[in-house]
Amino acid sequence: IEDGADVETVLAQSRLLRSKGAQFLARELLTDYATNARAMPLHEFQGAHRDTSGDVAALADRFDVSLAAVMRRMAFLPKSVLEQDYGLVKCDMAGTMIYRKEIRGFSLPRYSSACPRWPLFHALQRPGQPLVEVVEFAAREMEQFKCFAVSEPQGRPQFGKETTFTATMLITPNSERLPPEGQVGAACRICSVENCSARREPSILVDGI
């Protein structure tokens, strides 16, 4: 796709994506990837990322694209290209995760609901307002991450039709070790944070249930 390959050709050549469901999901993801690759060509984006030190807003201005598009471009490129590791989560208005890209130290639940303290959900409550937060992930190593999040309309808003939103969160290790703005976990059931006002079920790590 980076070299201009057609999405349908890529899908047709895949030996793994055979079911209709797999094709549907892959087509949506790869079409978005292709759109971003055309808007932010690889070598230009690589240089711009280096020049701006990975400033999401500056990159969005330079390529005239949305903040969420920049976040996805940064997350889906190999670590060797940008010399920086990124994770990404995207959710719909129900809080269901649509995209996920793992990053070491920040666990993303696969079968349960995520931690409501993630900046991802703060952004969903404030459509159009970009947020950046330093969070500490509650785990054995207690690593810090800088999270960039924004909620944007899904498609072009139209008069007379309800606008739906999706929220995107870019995750990257925070090497500066600043005072965190909060502790987050993966999901309540496997989170060790005590006295959390957002907890919806007991933790097996704390309560032994």
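Above this text is the structure in question.
How each quantity is defined
Residues numbered from 1 in each chain as written. Predicted model: local features only at pLDDT ≥ 70, side-chain atom pairs only at ≥ 80, totals over all residues. Heavy atoms only, no water. Helix = DSSP H or I, 4+ residues; strand = E, 2+ residues; numbered from the N terminus. Rg over C-alpha atoms; globule rule 2.2 N^0.38 Å. Buried < 20%, exposed > 50% of the residue type's maximum accessible area, 1.4 Å probe, protein only. Contact = heavy atoms within 4.5 Å. Areas by Shrake-Rupley, 256 points an atom, 1.4 Å probe, with all protein chains shown as cover. Lys, Arg positive; Asp, Glu negative; His and termini not counted. Charge placed at Lys NZ, Arg CZ, Asp CG, Glu CD. Salt bridge = Lys/Arg side-chain N within 4 Å of Asp/Glu carboxyl O. Polar contact = N/O pair within 3.5 Å; in protein donor to acceptor, adjacent residues only side chain to side chain. Arc of directions from axis to C-beta. Pairing = 2+ DSSP bridges. Axes fitted to C-alpha atoms, helices over the stretch in contact; angles between N-to-C directions. 1 Å grid on protein atoms, 1.4 Å probe; cavity = no way out; pocket = protein on both sides within 12 Å on 5 of 7 lines; lining within 4 Å. Points joined across faces, edges and corners; volume = space filled by probe spheres on them. Nonpolar A, V, L, I, M, F, W, Y, C, P; charged D, E, K, R; others polar.

Summing up its helical and strand segments, the protein chain has seven helices and six strands in all. Walking the protein chain from its N terminus toward its C terminus, one meets helices and strands in the order α-α-α-α-α-α-β-β-α-β-β-β-β. Rg of the C-alpha trace for the protein chain: 18 Å, near the compact-globule value of 17 Å for 209 residues, within the 12% margin. Taken along its principal axes, the extent of the C-alpha atoms in the protein chain is 55 × 40 × 40 Å. Here the protein chain holds 209 residues, and the buried ones make up 41% of them. A separation threshold of at least 6 residues defines the contact pool for the protein chain, and within that pool the share at least 24 residues apart is 54%. When the accessible surface of the protein chain is totalled, it reaches about 12,200 Å², and 50% of it is carbon and sulfur. Side-chain charges of the protein chain comprise 25 positive and 26 negative groups, with the mean position of each set lying 5 Å from the other.

We now examine the side chain of Glu-152. Counting through the fold element by element, Glu-152 comes out in strand S4 (residues 144-153). For the buried Glu-152, no salt bridge exists, and the shortest N-O distance to an oppositely charged side chain is 5.6 Å, to Arg-72. Of the polar contacts made by the side chain of Glu-152, one reaches the side chain of Ser-66; its length is 3.4 Å. If near-sequence neighbours (up to four positions away) are discounted, Glu-152 is found in contact with Ser-66, Leu-67, Ala-68, Thr-164, Phe-165 and Thr-166.

Among the residues of helix H4 (residues 56-63), those classed as buried are Val-56, Leu-59, Ala-60 and Phe-63. For H4, the arc enclosing every buried residue in end-on projection is 100°, short of the 170-degree limit, so these residues lie on one face. Check the buried side of H4 and you find it contacts helix H2 (20-39), helix H3 (42-52), helix H5 (67-76), S4 and strand S5 (165-173). A side-chain oxygen of the first residue of H4 lies 3.0 Å from the backbone nitrogen of Ala-57; this N-cap is Asp-55.

In this structure, Leu-120 sits in helix H7 (residues 119-124). A C-alpha to C-alpha distance of 28 Å links Leu-120 and Ile-1, two positions 119 residues apart in sequence.

Across the seven residues that make up strand S3 (residues 131-137), a large majority, six, are buried. Relative to S4, S3 is paired through six bridges, and the arrangement is antiparallel. Counted as the bridge partner of Leu-131 is Ala-149 from S4. In terms of strand pairing, S3 meets strand S6 (residues 183-184) through two bridges, oriented parallel. Within S6, the position partnered with Phe-137 by the bridge is Val-184.

Strand pairing in a sheet relies on backbone hydrogen bonds, with the paired strands running either antiparallel or parallel. The mixed open sheet is built from six strands, whose spatial order is S2-S1-S5-S4-S3-S6. Each of the sheet's edge strands pairs with one partner strand only, and the pair in question is strand S2 (97-101) and S6. In terms of strand pairing, S4 meets S5 through nine bridges, oriented antiparallel. Bridge pairing links Val-150 to Thr-168 in S5. Sitting on the sheet, H5 touches strand S1 (87-91), S2, S4 and S5, and the angle it makes with S4 is about 135°.

Attention now goes to the layout of surface pockets. Counted as a void, the largest pocket has a volume near 450 Å³. In this structure, the largest pocket is lined by 20 residues; those nearest its centre are His-49, Ser-53, Gly-54, Gln-84 and Tyr-86. When contributions to the lining of the largest pocket are tallied by element, the ones reaching two or more residues are H3, helix H6 (79-82), S4 and S5. Counted by class, the lining of the largest pocket contains seven nonpolar, eight polar and five charged residues. One number sums up the size of the second largest pocket: a volume of about 350 Å³. Lining the second largest pocket are 18 residues, and of these Asp-32, Ser-66, Arg-72, Glu-152 and Pro-153 lie nearest its centre. For the lining of the second largest pocket, the elements supplying multiple residues, two or more each, are H2, H5, S4 and S5. Top contributing element to the lining of the second largest pocket by residue count: H2, with five residues.

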